[in-house]
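Geometric and topological summary
Chain by chain, the residues run as shown.
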Amino acid sequence: MRMFCALALAASLVVGPAFADAPSGPNNGAPGNAPVAMPSPAAKQAFIDDLIARMTLDEKIGQLRLISIGADMPQPMLIKEIAAGRVGGTFNSVTREDNRPLQDAAAKQSRLKIPIFFAYDIVHGHRTVFPISLGLASSWDMSVVKQAARVAAIEASADGLDATFAPMVDISRDPRWGRTSEGFGEDPYLVSQSARASVQGFQGASPANPDSLMAFVKHFALYGAVEGGRDYNVVDMSLMRMYQDYLPPYRAGLDAGAGGVMIALNSINGTPATSNKWLLRDLLRDEWGFKGVTVSDHGAIEELMRHGVAKDGREAAKLAIEAGVDMSMADVQYLKQLPDLVKSGAVPMRDIDSAVREVLGAKYDMGLFADPYRRIGNAAQDPKDVNAESRLHREAARDAARKSLVLLENRHDTLPLRKAGRIAVIGPLADAKIDVMGSWSAAGKASQAVTLLQGVRDALGKQAQVSYARGANITDDPRVVEYLNFLDWDNPEVVQDKRTPQQMIHEAVQVARHADTLIVAVGESRGMSHEASSRTSLSLPGSQLALLQALKATGKPLVVVLMNGRPLDLNWPKANADAMLETWYAGTEGGHAIADVLFGDYNPSGKLPITFPRSIGQIPAYYNQLRIGRPFTPGKPANYTSQYFDAQYGPLYPFGYGLSYTTFSVSGVTLSSRTMARGGTLEASVTVRNTGKRDGETVVQLYLQDVAASVVRPVKELKGFRKILLKAGESREVRFAIDEDMLKFYNAQLKHVAEPGDFNVQIGLDSEHVQQQGFVLQ
């Protein structure tokens, strides 16, 4: 197949020397290809301006359409639409063989030969599935987050993909929200660091490189704050809270160079994000200076009518284009309405040109004008088997998964387990290949995933006897099962064992009685922590709780392995389990990684990126809540203080919490100075000691508290962390530099300021147990 070099394409567009310094020639998208040096910004602008001047109105509008292959239209029809210049990009086609004829229609058959781009929701891995984002954040290791995105980009670009709708950086403080699993947790600083690392991993040195993907940060904005944790619901929030808590992760991703933004589905203070000029123009473009492309979420322009801000499709399209929505995803309103809106003068051509300029600019930055087949290559280069084992990155996935696991309980040093005796692996999630991958598992194949049962068997070999019983279904509620299987009735994800609950528990108890130790996997099927899967309860389903209670009654050591995409109500397991390990959804190598930790081949080091409440009644229960006038103080009378009188105060597990197979101590805080001048810095340090008998890692966390300010400030805020490895008995001094920028906040006038006064420095191994020292900003 003839490849499109830069000069040939430039000639076909009659744009003269715009690409004189652009790379040319074929590229198969395989790892190791040389990085691409793209032309200057001036050359890019000249090229795009000239191209726009040659486009018809219909061709311009065509560039604003993002179409899902199969879901929106079958491939033959899509090829015709692309060849006619009526499509700008597609998503959900994930092989070179599928994408090549689509690119042929664009780059060879369309009038102006404008290439299309191919996108996909690659959130935590492509063919190799890494832990869900909440799990990656639990590593508190940005090299892990970055590596997961880098591997995903290498795999996806080798499949002919150009872009990903990720990272998802919505702050989530209500675990009822099903999409909690897709994000990095509740804290602005940790989520921002994760957003930055993820974008850097996806895009590499440049989104034009053949092994890179353009990142589309989502969902802009505030989607994680929907009322009641109910998906697609409204958001009503003060500007001060937006700027302080919810907007920073999006800004961090864009500052890291993300080329795209996916717009949220929710409304913000009465205006849907899809029609929100303040959000998409005043804030994103004017205040933040974003120069990339924006894309609506699936069908969101049409939904403006259901939001009640547009009376018909014509008004919906007008509102969206005027607000700054460049591309419409899986939506016909731009195609139907924009031609007449422009011809009638209701929408100025400059709005269309502005959107087209960003779409073409994104394609330019992806390197597609230089070579439309940069990542697709030619047919001779296609992998013989796209699902071949050799295409996976198992070692990287296993390493990331081990680092994502959080040890919640370990009474009497139950863990690590000995590789001997008789071990029973029980539970509805113990051998669930599809669930261990989690939601949005891209092109990952369940058949290639390692379950807990397989991981335990592989770890033990012939050293111990392993028995298995399912013990319970995920849930016995037929309505819930029906809901979870609604996407594919022919291939249901949740398959019920037809035995009665009593029969299943009886079998599990019999297996348990012949074992020395019980490893029980419980939690949620992946569909229970997914888009549109909001819950009114965080409890374990009754079928699973009954199983745990029956197994506890056997008197055998009970090790609970959790698989879930949100904090759960773990009161019963906390009180009764001998050990409890939070594994989230650990991905393709999940079973091996969990076994590594259970049997001591890896010492767990994960820390929670989100608070676990004691009950749903405590929500929201995030750690950095605003200070109040009548706070509850442990050890003092509770009357007339802010608390729930019918439950113990505080979370079940706090933000930043996580145990190890060793123990650590933290000294008092030493400050290099008790005062900080304007524009100055000081250093805070502690000595951390491994007081146990095993080598291990821990995360040293820095929190700051503004003692008195012009507005109410949080009780504390995470401002830094260090993950360190200490040998048994080893001590190390850990230093944090503190500067004036770390003290800044948005005041009532939305000015980013650091006000003079007292500040407390808190350093510890979780958000609750800290050492403290104070200083004064002059």
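Values in this document were obtained by computation on a predicted structure and should not be read as measured data.

All right, on to the overall build of the protein then. In terms of regular secondary structure, the protein is built from 23 helices and 27 strands. Against the 2.2 N^0.38 benchmark of 28 Å for 778 residues, the protein shows a C-alpha radius of gyration of 27 Å, consistent with a compact globule. Long-range contacts, defined as pairs at least 24 residues apart, comprise 78% of the intrachain contacts of the protein with a sequence gap of at least 6. When the accessible surface of the protein is split by element, carbon and sulfur atoms take 50% of a total near 28,500 Å². When the 83 basic and 85 acidic side-chain charges of the protein are each reduced to a single mean position, those positions are 2 Å apart.

Our next topic: the domain arrangement of the protein. When the domains of the protein are assigned, the result is domain 1 (58-377), domain 2 (406-605) and domain 3 (664-777). Each side of the interface is counted separately: domain 1 has 29 residues, and domain 2 has 26 residues. Both faces combined, the contact of domain 1 with domain 2 buries some 2,100 Å², and carbon together with sulfur accounts for 56% of it. When the buried surface of domain 1 facing domain 2 is broken down by residue, Val129, Pro175 and Arg176 rank first, second and third, together holding 24% of it. Seen at the junction of domain 1 and domain 2, the total is 1 salt bridge. Close ionic contact of Glu531 with Arg179 constitutes a salt bridge, the shortest N to O distance being 3.4 Å. At the junction of domain 1 with domain 2, the criterion picks out 21 residue pairs in polar contact (both at pLDDT 80 or more). At 3 residues, the largest contribution of residues to the side of domain 1 that touches domain 2 is made by helix H6 (residues 133-138). Partitioned by chemical class, the residues of the side of domain 1 that touches domain 2 number 12 nonpolar, 10 polar and 7 charged.

What follows concerns the side chain of Ser275. With respect to the helices and strands, the residue Ser275 is situated in the loop between strand E8 (271-272) and helix H11 (277-287). You can call Ser275 buried: its relative accessible area is 10%.

The next thing to look at is empty space enclosed by the protein. Taken as a whole and judged by the stated rule, the model has 4 cavities of 30 Å³ or more. Its volume calculated, the largest cavity comes out at about 100 Å³. Of the residues belonging to the lining of the largest cavity, the class tally is 7 nonpolar, 3 polar and 3 charged.

What counts, and at which threshold
- Residues numbered from 1 in each chain as written.
- Predicted model: local features only at pLDDT ≥ 70, side-chain atom pairs only at ≥ 80, totals over all residues.
- Heavy atoms only, no water.
- Helix = DSSP H or I, 4+ residues; strand = E, 2+ residues; numbered from the N terminus.
- Rg over C-alpha atoms; globule rule 2.2 N^0.38 Å.
- Contact = heavy atoms within 4.5 Å.
- Areas by Shrake-Rupley, 256 points an atom, 1.4 Å probe, with all protein chains shown as cover.
- Lys, Arg positive; Asp, Glu negative; His and termini not counted.
- Charge placed at Lys NZ, Arg CZ, Asp CG, Glu CD.
- Domains from an automatic or database assignment.
- Buried area = accessible area lost by both parts, 1.4 Å probe.
- Salt bridge = Lys/Arg side-chain N within 4 Å of Asp/Glu carboxyl O.
- Polar contact = N/O pair within 3.5 Å; in protein donor to acceptor, adjacent residues only side chain to side chain.
- Nonpolar A, V, L, I, M, F, W, Y, C, P; charged D, E, K, R; others polar.
- Buried < 20%, exposed > 50% of the residue type's maximum accessible area, 1.4 Å probe, protein only.
- 1 Å grid on protein atoms, 1.4 Å probe; cavity = no way out; pocket = protein on both sides within 12 Å on 5 of 7 lines; lining within 4 Å.
- Points joined across faces, edges and corners; volume = space filled by probe spheres on them.

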